[in-house]
Amino acid sequence: MERTNGTWTLGVFLCALCILSSGLWTPASAMKMKMKAVNFTYYLHDDFVPPNVTAVAVAGANATLTGPFQLGDIIVFDSVIRKTASNASAQIGHHSGVLVSLNDPSKKFISFALDITIHGYSGTMSGSARIDFTAPSWEEAVSSGTGSFRGVSGYLTVSAVSLNSAFPVLKYEANLMLPHHSY
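Note that the structure is a prediction, hence the values are computed from the model and not measured.

The rules behind these values
- All residue numbers refer to positions counted from 1 along the written sequence of the respective chain.
- Totals for whole chains, interfaces and linings use all residues, but because this is a predicted model, local features are given only for residues with pLDDT of at least 70 and pairs of side-chain atoms are given and counted only at 80 or more.
- Computation of side-chain values covers all heavy atoms of the structure but excludes hydrogens and water.
- Helix and strand assignments come from DSSP, with helices taken as H or I runs of at least 4 residues and strands as E runs of at least 2, each series counted from the N terminus.
- Exposed residues in this analysis have more than 50% of their type's maximum accessible area, buried residues have under 20%, and partly exposed residues fall in between, with area computed by a 1.4 Å probe over protein chains only.
- His is not counted, nor are the chain ends; Lys and Arg add positive charge and Asp and Glu add negative charge.
- For salt bridges, the criterion is a side-chain nitrogen of Lys or Arg within 4 Å of an Asp or Glu carboxyl oxygen.
- Think of a polar contact as two N or O atoms within 3.5 Å of one another; within protein, one of them needs to be a possible hydrogen donor and the other a possible acceptor, and neighboring residues in sequence only count if both atoms come from side chains.
- Without a salt bridge and with relative accessible area above 30%, a residue can belong to a patch; like charges are then joined within 9 Å and nonpolar side chains (Val, Leu, Ile, Met, Phe, Trp, Tyr) within 5 Å.
- Accessible surface is estimated by sampling points in the Shrake-Rupley manner with a 1.4 Å probe; for residues, cover comes only from the protein chains shown.
- Note on aromatic contacts: the rings of Phe and Tyr and the six-membered ring of Trp form a pair at centre separations within 6.5 Å, being stacked when their planes are under 30 degrees apart, edge-to-face when over 60 apart, and tilted otherwise.

**Student:** Talk me through the side chain of aspartate 47; I want residue IDs and the actual numbers.
**Tutor:** With respect to the secondary-structure elements, aspartate 47 resides in the loop between strand S1 (35–45) and strand S2 (55–59). Arginine 82 provides the closest opposite charge to the buried, unpaired aspartate 47, separated from it by 8.3 Å. A polar contact is formed between the side chain of aspartate 47 and the backbone nitrogen of valine 49, at a distance of 2.9 Å.

Here it is in structure tokens:
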């Protein structure tokens, strides 16, 4: 019994050694994934006027969208995404998540999920960032995705198009790296 078990173990070890030394699979080759750059622009349209409200203050001392913010104020949003800055342009998805106020009232933490169909891509992306609404632009990290965006990494550059207190519009420039999928 000892000899058979020892022979089997030696055989498995030698097979594994052959596979690893052949270059068919190595940890380094597993990490060599072809990536492609994907860039596109879309516009987030919010509506703070009932009945089509896209953001709501759910917790905090002030609990308003327009009042001064304090640490811990929480806003939940489900904003419409359109192809252009025009409210009449085609809707291509939703940008949903949570915005939390930090000690500096102009700074927020955002965690989001983006559901979008654009330029032959369709799926979700998620990410987070610490943002400053007083800056002319800011970046939000993209860390995961589904559908066409499976394996995505990158960032979104955000700038204000209109800061109308009832209907703000933000421009998003997506700068992404996607693995070449072969299904």
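Let's pick the thread back up.
**Student:** Now, about a nonpolar patch on the surface: what can you tell me, with residues and values included?
**Tutor:** On the surface, a nonpolar cluster with roughly 340 Å² of combined accessible area is contributed by Val53, Val56, Val58, Val76 and Val98. Its place among the elements puts valine 98 in strand S4 (residues 91–101). Exposure remark for valine 98: the relative accessible area of 32% places this residue in the partly exposed category.

**Student:** Can you tell me about the packing of aromatic side chains, naming the residues and giving the values?
**Tutor:** Within this structure, the stated rule accounts for five aromatic pairs. Ring centres of tyrosine 42 and tyrosine 172 lie 5.1 Å apart, and the angle between their planes is 10°; on these two criteria the pair is classed as stacked. Here tyrosine 42 is found in strand S1, whereas its partner tyrosine 172 is found in strand S9 (residues 169–179), with 130 residues between them in sequence. Here tyrosine 42 and tyrosine 172 have matching classes, each one buried. Arranged with centres 5.3 Å apart and planes meeting at 80°, the rings of phenylalanine 133 and tryptophan 138 form a pair that is edge-to-face. With relative accessibility at 36%, the residue phenylalanine 133 sits in the partly exposed group. Each residue in the set Phe40, Tyr42, Tyr121, Phe149 and Tyr172 is aromatic and connected to the rest through ring pairs, giving one cluster.

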